[in-house]
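# Chain and residue survey
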Amino acid sequence: MSGSLTTPAPRAAQPPVQRVVEVVGRRPVNAYVELSLAAPEIAERAVPGQFVAFAIGGPASALLLRRSIAISGTRDGVVTVVVAPHGPGSTWLAGLQVGERVDVVGPLGRPFPMPEPGVPALLVGGGYGAAALVGLAARLRDGGSAVAAVTGAASADRLCSVDELSALAEPVAVTTDDGSAGRPGRVTVAVEELIADAGVVYACGPMAMLRAVADAATAVGVPSYVAVEESMACGIGVCMTCVLPVVGEDGRTRFARSCTEGPVFGGDRVRFADVGTLPADVVGADAMGVVQS
Amino acid sequence: MSGSLTTPAPRAAQPPVQRVVEVVGRRPVNAYVELSLAAPEIAERAVPGQFVAFAIGGPASALLLRRSIAISGTRDGVVTVVVAPHGPGSTWLAGLQVGERVDVVGPLGRPFPMPEPGVPALLVGGGYGAAALVGLAARLRDGGSAVAAVTGAASADRLCSVDELSALAEPVAVTTDDGSAGRPGRVTVAVEELIADAGVVYACGPMAMLRAVADAATAVGVPSYVAVEESMACGIGVCMTCVLPVVGEDGRTRFARSCTEGPVFGGDRVRFADVGTLPADVVGADAMGVVQS
Amino acid sequence: MTALETAVDMRTALGAAPIPSPVLTASGCSAFGRELEPFVDLTAIGAVVTKSVQLRPRSGRPTPRMAETPSGMLNSIGLQGPGIDGLLADELPWLAERGIRSFVSIAGTRVEDFAELAERLRGVPGVLGLEVNISCPNVESRGEVFACDPGAASDVVSAVRAAADPAHPVYAKLSPDVTDIVSVARAVAAAGADGLSMINTLLGLVIDPDTMRPVLGGVTGGLSGPAIRPVALRCVWQVHAALPDVPILGMGGIRTGLDALQFVLAGASAVSVGTAVFNDPSAPARIHAELAAALAERGFASLADAVGHAHRPNA
Amino acid sequence: MTALETAVDMRTALGAAPIPSPVLTASGCSAFGRELEPFVDLTAIGAVVTKSVQLRPRSGRPTPRMAETPSGMLNSIGLQGPGIDGLLADELPWLAERGIRSFVSIAGTRVEDFAELAERLRGVPGVLGLEVNISCPNVESRGEVFACDPGAASDVVSAVRAAADPAHPVYAKLSPDVTDIVSVARAVAAAGADGLSMINTLLGLVIDPDTMRPVLGGVTGGLSGPAIRPVALRCVWQVHAALPDVPILGMGGIRTGLDALQFVLAGASAVSVGTAVFNDPSAPARIHAELAAALAERGFASLADAVGHAHRPNA
Ligand SMILES: Cc1cc2nc3c(=O)[nH]c(=O)nc-3n(C[C@H](O)[C@H](O)[C@H](O)COP(=O)(O)OP(=O)(O)OC[C@H]3O[C@@H](n4cnc5c(N)ncnc54)[C@H](O)[C@@H]3O)c2cc1C
Ligand SMILES: Cc1cc2nc3c(=O)[nH]c(=O)nc-3n(C[C@H](O)[C@H](O)[C@H](O)COP(=O)(O)OP(=O)(O)OC[C@H]3O[C@@H](n4cnc5c(N)ncnc54)[C@H](O)[C@@H]3O)c2cc1C
Ligand SMILES: Cc1cc2nc3c(=O)[nH]c(=O)nc-3n(C[C@H](O)[C@H](O)[C@H](O)COP(=O)(O)O)c2cc1C
Ligand SMILES: Cc1cc2nc3c(=O)[nH]c(=O)nc-3n(C[C@H](O)[C@H](O)[C@H](O)COP(=O)(O)O)c2cc1C
Ligand code: FES
Ligand code: FES
């Protein structure tokens, strides 16, 4: 696709490790739980945008698949994550207590690509997705970028990392769908105002939000990078469950693995409208026989 | 079987209940863990010889079958059990902490039948099986019986409830296979000495021990009751996994469910030598076609 | 049971026999009902499906009879039971006296055995109908299991249908261990089955790492529990798609109301709860309540509206 | 890996091709090996069994492609992959350069596809042999899966055997979704299979309680993981009992060394680790070490001595 605003995010410099680590901190944050893990080898390798994958429930667990969770911070050998208790896996994770041990693989996935030094950036986080942007905000500031942020959620209790982002970004706009905190409405109301000043946009949150933010950025010719959340069985690139249609540098669309080719993709490269379908122009679609819906 | 020394243990007077209860005490005892559960409805119904069955590992557990554990005491609405961490289920149970909750069904199974008041009794416990005899010892003493006890184990750290039994019985003989505590050897060395004074024998422990004790009692014409430990899938009598060949009042052998027709059986009624086989004279064996080994 | 408290009409039927709840026990997983009385109001569930009975009393197999497996278990009980005389003398009267509906599972190794059992059960009080357990070795065919051969399976079913009380619906219980379950379903439906129970256990094996021999005396055994639920659902789905008018009693790994809902959406008009009872003896009542709540949340006025819903594209 | 630290001789073979460890990856569960490099010394395991390749690049199915199930998962990837050209250009050279043995899984929808793939793989460096994934719909037989029909299965195997490099052992990968797996095994062995891989996934279905439709775009999918282990073991047991001389690559729910031991005792001379890798990316190396330790504890001098041990009454 000539005229793309983004180049695919490059691989992380360092490979992941697998470790059984101790929970050294646990803190409820609104509707979420922030866990801190003593995981020096992961902490020293991790770059913003990456995630870790947890084994769930111990040796007698019926839940076989790891749960991927974005890294929200790394400091002094400690990795922090913000977990939203939802189904059985995340509920188990959120219930981990200080002193308990958990098997974790990471850091996984491709980091957010950094802009040229000084390029102003807009960060957009939805729900617990905002947590994944804290480390990025710090790194952008260190690189001399002006950083603005929008963080939104369905309601006040599902907002995340507002304080942390406020210490790093200016302005920080807060929106809630129900108006229970900040401006009522979706993040896009704030994004549309702030995008004019941005040279690059980063977003993490639910798919519908990523799509809206990416579209807004692309519409005004600003490159955007989004960290997607697809259902993942392995997190390390071997199962092919986590794919979505992404336009490559050659302009052709492939089913790309969100765990190893993402989770960070160029916002103008993800074919959001086609997620969950098999577009006829995806590489190899012609070999699938009757196209399934 | 005319000439039987025992009549089958009658059913408990009260049906079991199912409750989610809180762990209110946890105490390592040698190689075991004693758990105390706030379970008033079970405590008030339980009679010595009965057991409870625990669900293992929470909603995401791959272990579907309950684990049966003998009741070692009931007081003030609290039920105590002694767990030997062995496989995944008992290891999970033994790891329960104070304040955690667990789903338990009980009391289950038939209690030890009481002798006529004043009949002297000999209690024989192997390993954690001794714990199940503590309540029985108290009850026998209350009924005016002289109570002697033998408790044995492979080694000192696998002995159980010696103090509790010592407060209720006299003499209390201790044996260990390796001689690390008490007399070296099996419980039978002590049983043979004490059986002359006994009008009834009760035993709980591994199958080989039960068999030896039952044989010793039967040889001298003393009735014995043994609490067996068979692999149980349900604990409540619906699955038929826990059977063993037991001689009924009509002298015929049937595959009896150790959960609901036991776990307490007359020691002279259990065909120990035939456990795990299909004796040709078991009721209904003729309908099984080719006899399987 | 909250049957009367929810707005959803939970009534359904086994063939022509109406039942107030779609939740039944599963054969062999609740004996003859008695032991569940402390945990479940048995008059409020659809029916107690009794342990498969044969003509003569059977000892069953030697122990060990089970092995726990990941999210399931393997069993080889060998149909221990009192035989039809014991069933008629002791078990069915106990159920009938209490107003508990029984759905009687019958088993045999010859076509005539099944027919004789059906005959003996004619007009027995409290008996709602028959479930024909054809996952038994056919002694006349080198021990091949009836359920694995459409011909043998339909021979049994037509003999039972002919001998049975006309008021008794006859359900054939299918095995998943076949290349094409639809062809077996089609054959037994054509032979007169009023409905299909599916699925029976999958043939499995566990080796004891200590003895280094198969755990079960019978070497292989039947795998049940949540582990097999996706296979069971697939069978129900395939058969309902092919034979939408044949009622299905769905089972295999049902542990919660949402599990039961999956079976209903796939085409089952009633469900049996088997292995889950070992984990939670109150499961049948709990699952009824959870299913009723799940249907209400999804806007269904009746269970019947939800049966097969997942097949209907724009429903 | 403790291969060299334990006393047990862990060497085995796939057909005539020797391998230093009996533990392999499973097709489709480790892509083409690269992503496991941070977690496993791939040169030390038996081989990387590559994701089934077809003639042309394939996009695979739309998402969702998986559903978690109790102790297992359901998948419907649709054989996404680069096609044989991509495999030969990119993946196999990468493996060969590092000295990693590859066992190449091939798939197709016509007999000729399979033969062409085998032909293209002749003499390719690093390729140890071929695993023939016959759990694919046969376009020439109304989509019936090759593996479900002994005739179709053996047509594929004999075509592959004829076209393949004579130095490449050809393993046929069997489906458990058949009434009689022994007859399929017998047919493909007679058609020239040098060994059997068993088992592939079981056909399953999961319905999403929210959307009330099948979770997977492809409606049904393949069930894998510890949930299916007893079925897999039963298949290995039955086939080894009937065909003791045919080597078996056992798989289905292997998660620990003791699980692998069960397969070896039942008759497998090597094992593949599939879904467990998603739970634990270092599983293949860990399982090798655990299996070696388990064999040592039980007094086996070599893996070979343990193969089929559970069948030998007085061993
Ligand atoms: C790259 C990435 C980063 C993530 N970061 C976070 C985070 O920081 N905090 C957080 O709470 N959660 C995060 N998630 C979602 C998390 O991995 C779990 O999927 C989610 O919590 C639901 O899992 P569950 O076991 O509770 O639910 P279940 O419904 O039991 O999940 C069943 C299966 O579906 C998958 N699944 C279900 N919902 C989702 C979803 N929304 N996205 C992806 N997979 C799903 C699960 O991984 C699991 O395999 C992230 C996911 C990805 C892919
Ligand atoms: C009536 C009764 C009373 C018992 N009392 C006690 C007690 O007081 N303390 C205690 O620690 N244990 C007791 N047990 C044994 C306990 O129920 C567990 O079976 C044992 O702890 C092993 O379970 P696991 O999950 O650790 O092992 P696993 O090997 O994982 O067990 C797998 C399956 O086999 C069964 N099983 C394995 N070993 C035995 C065994 N020795 N007896 C019966 N079933 C077995 C388990 O119940 C389970 O279903 C009792 C058993 C019975 C039947
Ligand atoms: C211990 C046990 C005994 C069983 N006995 C019978 C039986 O006698 N007749 C029968 O038709 N099915 C029998 N079954 C199969 C169940 O009725 C049911 O079809 C199967 O277990 C799947 O359902 P579940 O996963 O809910 O248990 C038995 C299952 C178990 C676990
Ligand atoms: C996500 C996934 C993809 C698979 N892809 C293939 C495949 O391409 N070819 C094949 O022969 N088997 C494939 N399988 C089946 C596995 O190789 C294996 O036979 C099966 O999963 C049982 O083993 P397991 O329980 O260890 O996973 C796949 C399995 C999974 C879970
Ligand atoms: S989650 Fe397995 S390939 Fe991405
Ligand atoms: S354990 Fe189920 S009948 Fe005894």
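Described below are features of the structure shown in this document. Not measured: the values here are computed from a predicted model. Each chain has its residues counted from 1, following the order in which its sequence is written. Chain labels run from A onward and ligand labels from 1 onward, assigned in the order the entries are written. Predicted model: local features are reported for residues with pLDDT of at least 70 only, side-chain atom pairs are reported and counted for 80 or more only, and whole-chain, interface and lining totals are derived from all residues. Computation of side-chain values covers all heavy atoms of the structure but excludes hydrogens and water.

## Re the overall build of chain A
In DSSP terms, a helix is any run of H or I states spanning at least four residues, a strand is any run of E spanning at least two, and both are numbered starting from the N terminus. When you go through chain A residue by residue, the secondary structure sums to six helices and 15 strands. Compactness check: chain A gives a C-alpha radius of gyration of 18 Å against a globular reference of 19 Å for 293 residues, within 12% of the reference. For the C-alpha atoms alone, the extent of chain A along its principal axes is close to 50 × 50 × 35 Å. Exposure is judged per residue with a 1.4 Å probe applied to protein chains only, and the accessible area is read against the type maximum: over 50% gives exposed, under 20% gives buried, and values in between give partly exposed. Scored against the burial criterion, the 293 residues of chain A give a buried share of 58%. Within chain A, contacts between residues separated by at least 24 positions form 64% of all contacts whose residues are at least 6 apart in sequence. For accessible areas, the Shrake-Rupley method is used with a probe of radius 1.4 Å. Any residue's cover is judged against the shown protein chains and nothing else. Split by element, the accessible area of chain A, about 11300 Å² in all, is 52% carbon and sulfur. Of the side-chain charges in chain A, 21 are positive and 28 negative, and the distance between the mean point of each set is 6 Å. For the radius of gyration, the atom set is restricted to C-alpha positions; the globular benchmark scales as 2.2 Å times the number of residues to the power 0.38. Here, two residues are considered to be in contact whenever any of their heavy atoms come within 4.5 Å of each other. Counted as positive: Lys and Arg. Counted as negative: Asp and Glu, with His and the chain ends omitted from the count. Charged groups are reduced to one reference atom each: NZ for lysine, CZ for arginine, CG for aspartic acid, CD for glutamic acid.

## Notes on the sheet that holds strand 3 (residues 23–25) of chain D
All names here are of chain D. DSSP bridges decide pairing: two strands pair if at least two such bridges lie between them. Spatially, the eight strands line up as an open sheet ordered 3-14-13-10-9-8-7-4, and their pairing is parallel. Two strands lie at the open edges of the sheet, namely strand 3 and strand 4 (48–49), each paired on one side alone. Examined bridge by bridge, strand 7 (residues 102–106) and strand 8 (residues 127–133) share five bridges and lie parallel to one another. Bridging from a neighbouring strand, Ile106 pairs with Val132 of strand 8.

## A short note on the environment of Ser27(D)
Residue and element names in this part refer to chain D. Along the polypeptide, Ser27 turns up in the loop between strand 3 and strand 4. Overall, Ser27 belongs to the buried group, its relative accessible area being 14%. Once the C-alpha coordinates of Ser27 and Val273 are considered, the two residues, 246 residues apart in sequence, prove to be 9.0 Å apart. Two N or O atoms form a polar contact when they lie within 3.5 Å of each other; inside protein one atom must be a possible hydrogen donor and the other a possible acceptor, and for residues adjacent in sequence the pair counts only when both atoms belong to side chains. In this structure the side chain of Ser27 is engaged in a polar contact, spanning 3.2 Å, whose partner is the backbone nitrogen of Ser52.

## Here's the deal with the site of ligand 1
To be near a molecule or strand, a residue needs just one of its heavy atoms within 4 Å of it. In the neighbourhood of ligand 1, 20 residues make up the surrounding shell, with Arg67(A), Ser68(A), Ala84(A), Gly87(A) and Ser90(A) lying closest. Flanking ligand 1 are residues from chains A and D. Between Ala84(A) and ligand 1, the recorded distance is 2.7 Å, taken from a backbone N or O atom to an oxygen atom. A distance of 2.9 Å separates an oxygen atom of ligand 1 from a polar atom in the backbone of Gly89(A). When the free accessible area of ligand 1 is taken as 830 Å², the share hidden by the protein chains comes to 82%. Among the elements of the structure, strand 4 (67–75), strand 5 (78–83) and helix 2 (88–94) of chain A are those that each provide at least two residues to the shell around ligand 1. With four residues, the top contributor of residues to the shell around ligand 1 is strand 4 of chain A.

## Some points on the pattern of salt bridges
Oppositely charged side chains may form a pair once their charged atoms are brought near each other. All names here are of chain A. Definition used for salt bridges: Asp or Glu carboxyl oxygen within 4 Å of a side-chain nitrogen of Lys or Arg. This structure, assessed with the given rule, holds 54 salt bridges over all chains. A salt bridge links Asp76 to Arg75; its shortest N-O distance comes to 4.0 Å. Side by side, Asp76 and Arg75 carry an identical accessibility label, which is exposed. Look at the salt bridges and you will find they share partners, linking Arg27, Glu34 and Glu164 into a network.

## Structural notes on the relation of the copies chain D and chain C
Turning one copy of the chain about an axis and sliding it along that axis gives the other copy, so a rotation and a shift relate them. All copies are superposed by least squares; the fitting set is the C-alpha atoms of residues with a pLDDT of at least 70 in both. Screw-axis analysis of chain D against chain C gives a translation of 0.0 Å along the axis, an RMSD of 0.0 Å, and a rotation angle of 180°. The superposition of one copy onto the other is thereby described by a two-fold rotation axis. Mapped onto chain C, 100% of the interface residues of chain D are again interface residues, and the two copies thus contact each other with one and the same surface.

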